[in-house]
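One-letter residues, chain by chain:
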Amino acid sequence: IVLGSYGSGVSMAGGPLFGDAGLAAMGVTCTNPNVTAGNDYYYRICFLDDFQANVLANFAMDKFGAKVAYCLGESGNEYDQGLISYFTKVFEAAGGKVISDYPTNNSDFTSYLNKAKSEGADVIFTPVSIAYATQIITQAASLGIEAPILGSDTLDDNMVLAAAKGTNIQLYVSTFYQEGGSPEFDEGIKNYINSNADAKASNGGDDTISAVTAMGYDAYYVALEAIKAAGSGDKAAVKAALPGVTFSGVSGYIAFDDV
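Residues numbered from 1 in each chain as written. Predicted model: local features only at pLDDT ≥ 70, side-chain atom pairs only at ≥ 80, totals over all residues. Heavy atoms only, no water.

Engineer: Explain the sheet that holds strand β6 (residues 123–125) to me, please; I cannot follow it from the model alone.
Structural biologist: Note on sheets: strands pair through backbone hydrogen bonds, and any given pair is parallel or antiparallel. The five strands are arranged β5-β4-β6-β7-β8 in an open sheet whose pairing can be described as parallel. The outermost strands of the open sheet, each flanked by one partner alone, are β5 (97–101) and β8 (171–173). Recorded for the sheet is a direction-independent mean angle of 25° between the axes of neighbouring strands. Where strand β4 (residues 68–72) meets β5, five bridges bridge the pair, whose relative direction is parallel. By the bridge assignment for β5, alanine 69 is matched with valine 98. Where helix α2 (residues 49–64) meets the sheet, its contacts fall on β6, β7 (149–151) and β8, and the angle it forms with β7 comes to roughly 155°. (Pairing = 2+ DSSP bridges. Helix = DSSP H or I, 4+ residues; strand = E, 2+ residues; numbered from the N terminus. Axes fitted to C-alpha atoms, helices over the stretch in contact; angles between N-to-C directions. Contact = heavy atoms within 4.5 Å.)

Engineer: Could you clarify how one ought to interpret the pairing of β4 in this entry?
Structural biologist: The two faces of a sheet get side chains in turn, since along a regular strand they alternate between them. Most of β4 is tucked away: five of the five residues are buried. Of the two faces of β4, the one holding Val68, Tyr70 and Leu72 and the one holding Ala69 and Cys71 are both buried throughout. After leaving β4, the chain enters helix α3 (residues 78–93) and then returns to the sheet as β5, a path that is right-handed. Of the pairings in the sheet, the one linking β4 to β6 comprises three bridges and is parallel in character. When the bridges of β6 are listed, tyrosine 70 appears paired with isoleucine 124. (Buried < 20%, exposed > 50% of the residue type's maximum accessible area, 1.4 Å probe, protein only. Right-handed = clockwise from strand over helix to strand, strands pointing away.)

Engineer: Got a minute to help me understand the side chain of threonine 126 in this structure?
Structural biologist: Along the polypeptide, threonine 126 turns up in the loop between β6 and α5 (130–142). Here threonine 126 falls in the buried class, since its relative accessible area comes to 1%. Separated by 3.0 Å, the side chain of threonine 126 and the backbone oxygen of leucine 72 make a polar contact. (Polar contact = N/O pair within 3.5 Å; in protein donor to acceptor, adjacent residues only side chain to side chain.)

Engineer: Honestly, the layout of surface pockets in this entry has me stumped. Any pointers?
Structural biologist: Over the atoms rolls a probe the size of a water molecule, and its path tells where empty space is left. Put simply, the largest pocket is a space of about 760 Å³. Considering the residues around the largest pocket, the lining is formed by 33 residues, among which Tyr6, Thr29, Ile130, Thr154 and Val212 are closest to the centre. When residues of the lining of the largest pocket are traced back to their parent elements, those giving at least two are α1 (8–21), α3, α6 (158–164), α7 (183–194), α8 (197–202) and α9 (211–230). When its residues are assigned to classes, the lining of the largest pocket shows 13 nonpolar, 15 polar and five charged. The calculated volume of the second largest pocket comes to roughly 500 Å³. For the lining of the second largest pocket, the elements supplying multiple residues, two or more each, are β3 (42–44) and β10 (252–254). Grouping the amino acids of the lining of the second largest pocket by side-chain chemistry returns 14 nonpolar, four polar and four charged. (1 Å grid on protein atoms, 1.4 Å probe; cavity = no way out; pocket = protein on both sides within 12 Å on 5 of 7 lines; lining within 4 Å. Points joined across faces, edges and corners; volume = space filled by probe spheres on them. Nonpolar A, V, L, I, M, F, W, Y, C, P; charged D, E, K, R; others polar.)

And the structure:
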């Protein structure tokens, strides 16, 4: 069995290869619905983009009474554009107005953020990469942006949180796991990170527990349950056993459906 990938684009690219090889793959944090669509060999343990976009759109309306949403994503990025598309569908169906921009290869988002201000955006939805997110947050702070920034699961990262720290930016993100959800797990992971200089450096220099860490942990144990249920390491047997596996992980109860 293959664990991964973390990202939707590479998972979709690899999906047909796993099918051709008769090898079950289990996505860890690849949220695009197309990862598993039409591929009987690909599973995942995370929620889908339409789900988190729905949650964030309703959160924007319920929490802030938002009527205008500015969406900022990367051109050509299926993850960004897919989430913005789902968000737009929900937000507009509720009577809201959405303005979207899709820059590419950018490091200066000033003009886009100023557009959000001039258009009277009540919230800014930006489901982008970590690199883009840190730049957007830093520049939004320098421009005095007051509209809350909503982000998807990619923004649940300690570098993104560090960019927002000490500013007036209101940042809200959807996530798979929040530190504190499983104290025993948190303690074990923190002990590991703090006892391993390389692990700490890879974690951004601190012992913050990211959601992807929890999901990787749960994916490993779900895979182990599939192998145990199969009674062997035979890939066909493991693939056959995987749909029936359930597991109570640190990120919640995990079971598979047809989607």
